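In case you want the letters, here they are:
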Amino acid sequence: MDSGFDFNHREKPPSFADTVNACIDNALVAEQAQHPARDYLGGSRLGDICQRRLQYEYLKTPKDPDAGFSGQSLRIFALGHVFEDLAIEWLRKAGFDLRTRNRHGDQFGFSGVGGRVQGHADGVVVAAPNGMAVPALWECKSANAKNWREIAKHGVAKAKPVYAAQIALYQAYLGLTETPALFTAINKDTCEIWHESVPFDAALAQSASDKAVTILRACDAGELLPRHTADPEHFECRFCAWRERCWA
């Protein structure tokens, strides 16, 4: 007896929005593919908990199939830059003398270990209306509501150790260790802003620097450093772009 219902799965055809977004995302992915891969360890990445993943990044090891940045990911990154630009504008309007370029017009940055470790800071505050000590490193991040609340509740060092390591390393290399850094986090969902004064952590900066040396030496020697975990289902592994290669 025919029930009148068709239980065969039928793939939903793409909507008009889907077709437009596909054009955008394909263009963004193609543009990203034209960008040369960095040939150094990024200071912003040295707080990553897995040294092997940093090796893969430095060696430009091919990622797992379909593990590259999607168009949506690239749009999220672009939005982060927009929020950073807005934060710069807001702070300057509030009376903060925030510099994002040095006297030569270049972004504040550093290079170490023969150029094999590099970093570029978001800015330096040289004067402030609220009496904060200057000059101070300025770093800005945007986050979704959940991650932003974690930062505001626990502070950057506990909530986002990767960011904290970046801040400490940049303070050390840029000679901004005498004054706390100004860390700004923007909630992408609500536009709430968290500002945190982050004192220099010498031990954290040294740890990040030592990690860089360890990774570079292992790469030079052709040695693969240990994984962060022995569990392939660990959170850090499940979302790693080299998971299949690493656990093969």
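Residues numbered from 1 in each chain as written. Predicted model: local features only at pLDDT ≥ 70, side-chain atom pairs only at ≥ 80, totals over all residues. Heavy atoms only, no water.

Draft legend 1. The pairing of strand S7 (residues 181-187), seen in detail. When you tally the buried positions in S7, you get seven out of seven residues, the bulk of the element. On S7, burial covers both faces: Ala181, Phe183, Ala185 and Asn187 on one face and Leu182, Thr184 and Ile186 on the other are all buried. Direction of pairing for strand S6 (residues 136-143) relative to S7: parallel, over a ladder of six bridges. By the bridge assignment for S7, Glu139 is matched with Phe183. (Buried < 20%, exposed > 50% of the residue type's maximum accessible area, 1.4 Å probe, protein only. Helix = DSSP H or I, 4+ residues; strand = E, 2+ residues; numbered from the N terminus. Pairing = 2+ DSSP bridges.)

Draft legend 2. Examining the packing of aromatic side chains more closely. What the rule picks out here adds up to six aromatic pairs. With 5.3 Å between their ring centres and 75 degrees between their planes, Phe110 and Tyr170 make a pair best called edge-to-face. With a gap of 60 residues between them, Phe110 in strand S3 (residues 109-112) and Tyr170 in helix H6 (residues 161-174) connect regions that are remote in the sequence. Here Phe110 and Tyr170 have matching classes, each one buried. Members of the aromatic cluster, each reached through a chain of ring pairs, are Phe110, Tyr170 and Tyr173. For Lys63, the ring lying beneath its charged end belongs to Phe69, and the centroid distance is 4.2 Å. When the ring centre of Trp247 is taken as reference, the NZ or CZ atom of Arg227 above it lies at 3.8 Å. (Phe/Tyr/Trp six-rings, centres within 6.5 Å; stacked < 30°, edge-to-face > 60°. Lys NZ or Arg CZ within 6 Å of the ring centre and 35° of its normal.)

Draft legend 3. Layout of the sheet that holds S7. A sheet is described by the order of its strands in space; here five strands give the open sequence S2-S5-S6-S7-S8, paired in mixed fashion. Each having just a single partner strand, strand S2 (97-99) and strand S8 (193-198) make up the two edges of the open sheet. Neighbouring strand axes in the sheet, compared pairwise and without regard to direction, differ in orientation by 30 degrees on average. Across three bridges, strand S5 (residues 123-127) lies against S6 in antiparallel orientation. Bridging across to S6, Val125 finds its partner in Ala136. Each of S2, S6, S7 and S8 touches helix H3 (residues 71-93); the most contacted strand, S6, lies at about 135 degrees to it. Contacting S6, S7 and S8, helix H4 (residues 145-154) crosses the sheet at an angle of about 145 degrees to S7. (Axes fitted to C-alpha atoms, helices over the stretch in contact; angles between N-to-C directions. Contact = heavy atoms within 4.5 Å.)

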